[in-house]
Amino acid sequence: MASLSPLINELVQALTILPGVGPKSAQRLALYLLEKDKAGAASLVATLSEALDKVGHCQQCRNLTETEFCPVCDDAKRNDDQLCVVETPAEVLAIEQTGFKGRYFVLFGRLSPIEGIGPDALGLDKLKSWVLEKNVQEIILATNPTVEGEATAQYIQQMFAGKNVDVSRIAHGVPLGGELEYVDGGTLAHALAGRKSVY
Ligand code: ZN
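Residues numbered from 1 in each chain as written. Predicted model: local features only at pLDDT ≥ 70, side-chain atom pairs only at ≥ 80, totals over all residues. Heavy atoms only, no water.

Asks: How should I be thinking about helix α5 (residues 89–96) in this particular structure?
Replies: Because an α-helix packs 3.6 residues into every turn, residues spaced three or four apart end up facing the same way. Those residues of α5 that fall on the buried side of the exposure criterion are Glu91, Val92 and Ile95. End-on, the buried residues of α5 take up no more than an arc of 110 degrees, which puts them together on one face. What points out from α5, more than 90 degrees from its buried face, is the exposed set Ala90 and Leu93. As for α5, its buried residues are in contact with β3 (82–86) and β4 (103–106). (Buried < 20%, exposed > 50% of the residue type's maximum accessible area, 1.4 Å probe, protein only. Helix = DSSP H or I, 4+ residues; strand = E, 2+ residues; numbered from the N terminus. Arc of directions from axis to C-beta. Contact = heavy atoms within 4.5 Å.)

Given below as structure tokens:
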């Protein structure tokens with residue numbers, strides 16, 4: 001984009017790191033911030049900078065927070081018996097929408113030998129000591145239905161084999177209101193494998 005000055009060009013390039021933002025959108029955003037909302041842009045920069053500086057991981061569930069323990073871990077009203085294991089912080093938010101009142105453990109990834117991601121990187125030792133020390137009754141494995149997500153779920157399941165804790169896997173299946181004809185084969189196979197008795 002030779003028509004833009006070097007600094008504006010740099011800003012456009014920087015904005016393309018955002019998911020879903022291509023060069024055209026980045027250009028529009030950069031011009032908007034510089035032209036229409038300088039105060040908003042300054043506030044965005046300040047907040048982002050502070051968040052980058054202060055946000056780390058919760059000491060218990062590993063979710064992102066700027067305090068030692070995140071709001072969920074700090075909430076005494078949550079059910080200590082149920083622990084839901086997810087891959088990302090965004091999935092915590094998705095499961096919160098369902099009204100789930102247990103606790104979470106965030107892996108920040110999934111086992112992937114090819115990418116060199118092993119149990120250590122996912123904090124599985126921490127998960128194990130939490131479950132055993134706090135006497136958690138049920139672990140709900142809500143990793144994604146991908147090859148790595150399944151392998152991760154299986155690994156965790158085996159980790160607690162023979163221990164006094166129920167391990168369940170969320171059912172991935174047919175979307176509500178969906179018609180079987182339009183559901184892809186993988187999803188349908190999963191739905192079949194996760195079937196429950198109706199009696
Ligand atoms: Zn936490």
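Asks: Help me understand the coordination of the zinc ion, please; the structure alone is not making it clear to me.
Replies: For a metal with four donors in a tetrahedral arrangement, the ideal angle between donors is 109.5 degrees, while six donors in an octahedron ideally sit at 90 or 180 degrees. Looking at the zinc ion, the protein donor atoms are Cys58 (SG), Cys61 (SG), Cys70 (SG) and Cys73 (SG), and they sit 2.3 Å from it. What the four donor atoms of the zinc ion show is an angle range of 103 to 118 degrees at the metal, which sorts the shape as tetrahedral. Of note, the zinc ion draws all its donor residues from one chain, in the sequence arrangement C-x2-C-x8-C-x2-C. Remark: Cys70 occurs in the loop between β2 (64–65) and α4 (71–74) and Cys58 occurs in the loop between β1 (56–57) and β2; sequence separation between them is twelve residues. According to the relative accessible area criterion, Cys58 is buried, its value standing at 1%. (Donors = N, O, S within 2.8 Å, 3.2 Å for Na, K, Ca; no water. Tetrahedral: all angles 85-135°; square planar, octahedral: opposite > 155°, others 65-115°.)

Asks: Any chance you could explain the sheet that holds β3 here in plain terms?
Replies: Remark on secondary structure: sheet strands pair via backbone hydrogen bonds, oriented parallel or antiparallel. Read across the open sheet, the four strands follow the order β4-β3-β5-β6; overall the sheet is parallel. Strand pairing shows two members of the sheet lacking a second neighbour, β4 and β6 (166–169), which therefore form its edges. Ignoring strand direction, the axes of neighbouring strands in this sheet form an average angle of 25 degrees. The sheet contact formed by β3 and strand β5 (residues 138–141) spans four bridges and is parallel. Along β5, the bridge assignment pairs Gln82 with Glu138. Those strands touched by α5 are β3 and β4, and its axis lies near 155 degrees from that of β4. Packed onto the sheet, helix α7 (residues 147–159) meets β3, β5 and β6 and runs at close to 170 degrees relative to β6. (Pairing = 2+ DSSP bridges. Axes fitted to C-alpha atoms, helices over the stretch in contact; angles between N-to-C directions.)

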